[in-house]
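Listed here are the chains, written in short residue letters.
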Amino acid sequence: MVPPLLPFVAAQPLTDHHCHGVLRSGGDVEALLNEADGAAAGGGLAFDSLAGLAFRRWCPALLDLPAHATAEDYQARRDALGAAEVARRFLGECGLGALCMDTGYAPGGLLSPAETAGLAGAAAFEIVRLEQVAETLAAAGTGPAGFADAYRAALAERVASPAPGVPVAGVKSIAAYRVGLALDGRRPADAEVAAAAAHWLAAGETGGGAGAPPRLADETLHRFFIWCGADLGLPIQFHVGYGDRDIDLHKCNPLLLTDLLRALDPAGVPVMLLHNYPYHREAGYLAQVFPHVYADLGLATHNVGSRAPAVLAEALEMAPLRKFLFSSDAYGLPELYYLGTLLFRQALSRFLQARLVVDDMSYADAERVTRLIATDNARRAYRLPG
Ligand SMILES: [Zn+2]
């Protein structure tokens with residue numbers, strides 16, 4: 001039996017500082033449950049995992065099905081209800097106070113940040129993907145010579161006039177996906193940016209079909225974008241660790257960011273290490289020793305299912321309790337928002353209960369730490385209103 005949540009954990013609204021859009025229609029649960037695709041997904045593989053077991057334990061009730069309903073029965077019921085009703089049911093049960101949505105990966109057909117937040121009864125903020133601003137410039141024909149100036153102006157404009165119409169709270173780098181995290185600490189000179197942009201724009205192979213710019217994977221450029229984000233005074237999110245097979249996971253250890261973290265320290269902008277699994281202990285260490293570094297567990301919370309309390313406890317071994325945040329990293333399925341919030345509340349409750357049992361934390365401290373991790377740390381780092 002799952003122990004009941006501590007009452008103040010159950011009642012505490014969460015700020016989800018890293019999440020993605022929900023599909024407006026359709027939704028193949030198995031295909032979206034974890035990071036596998038192609039031959040690694042399908043045939044029930046995803047459901048026979050801790051993530052799949054947690055999904056079948058907790059999600060069916062919201063569709064009026066018994067716990068542990070089969071994947072087939074679940075999908076059939078989901079299809080019959082329709083995506084809009086499913087989104088309404090799950091997002092309405094998350095207990096979110098605010099969400100910061102990464103709009104960089106939006107293949108079309110996703111609910112906007114405002115729509116998602118509306119269903120969740122939460123405030124909406126946007127996180128701008130740094131690389132997407134560069135790709136937009138390239139698609140518009142910006143050449144290498146003026147690329148650095150053009151990028152600085154475009155990023156400032158994108159932040160000041162957000163496309164989806166909700167305030168921008170931060171920026172995000174996907175360097176991990178493209179070149180790994182072993183980034184130089186040095187800010188590149190504009191001449192280096194021009195040379196790197198020339199190399200990028202001259203590459204023949206395109207990443208996204210006709211008219212799309214070549215795939216952006218250049219250490220100098222990713223690093224330049226990060227410094228431009230820092231110059232705007234915005235928190236910078238980094239994809240770290242776990243992701244789909246596009247990443248070389250061994251290049252996504254956050255310790256590889258150490259030089260850049262040292263260099264960014266004087267800039268005074270928060271650096272948010274996202275997901276981190278299986279390097280969540282390393283991320284906790286970095287959050288301890290660098291004043292501007294924060295960490296979360298992201299989608300690892302729902303991907304480890306009933307092991308979420310153990311993984312959260314490992315992440316918090318070193319991370320200061322004022323530097324750890326909640327995120328769902330939900331994408332596509334509203335169920336992943338729900339599972340993320342539910343399993344996170346279970347994990348946090350178990351963590352605090354263990355402290356209360358050994359009496360190294362008072363009840364008042366447990367309530368205070370809940371507020372910090374659930375929302376106050378995010379609100380402080382992103383300077384969210386309210
Ligand atoms: Zn993510």
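Residues numbered from 1 in each chain as written. Predicted model: local features only at pLDDT ≥ 70, side-chain atom pairs only at ≥ 80, totals over all residues. Heavy atoms only, no water.

Trainee: I keep staring at the pairing of strand β4 (residues 168-173) and nothing clicks. Help me out?
Mentor: Regular strands place side chains that alternate from one sheet face to the opposite one. Most of β4 sits inside the fold, with six of its six residues counted as buried. One ladder, built from four bridges, connects strand β3 (residues 123-129) with β4; its direction is parallel. Residue glutamate 126 lies in a different strand from β4, and its bridge partner there is valine 168. Direction of pairing for β4 relative to strand β5 (residues 236-240): parallel, over a ladder of three bridges. Across the sheet, valine 171 pairs through a bridge with isoleucine 236, a residue of β5. (Buried < 20%, exposed > 50% of the residue type's maximum accessible area, 1.4 Å probe, protein only. Helix = DSSP H or I, 4+ residues; strand = E, 2+ residues; numbered from the N terminus. Pairing = 2+ DSSP bridges.)

Trainee: Please clarify how the pairing of strand β1 (residues 14-19) should be interpreted in this entry.
Mentor: For β1, the tally of buried residues reaches six of six residues, placing the bulk of the element in the interior. Looking at chain direction, β1 and strand β2 (residues 96-102) are connected through four bridges and run parallel. For threonine 15, the partnering residue across the bridge sits in β2 and is alanine 98.

Trainee: Please clarify how the nonpolar core should be interpreted in this entry.
Mentor: Soluble globular proteins: nonpolar side chains tend toward being buried together. Core analysis: the biggest nonpolar cluster contains 113 residues, and Tyr151, Phe238, Phe324, Tyr337 and Leu352 have the highest contact counts within it. Of all the elements, helix α16 (residues 334-358) adds the most residues to this core, at 11 residues. Those residues in contact with leucine 352 that sit more than four places away from it in its chain are Leu6, Phe8, Val9, Met361, Ala366, Val369 and Thr370. By size, the runner-up hydrophobic cluster in this structure holds 13 residues, among which are Cys100, Phe125, Leu274 and Tyr294. (Core = buried A, V, L, I, M, F, W, Y, C linked by side-chain atoms within 4.5 Å. Contact = heavy atoms within 4.5 Å.)

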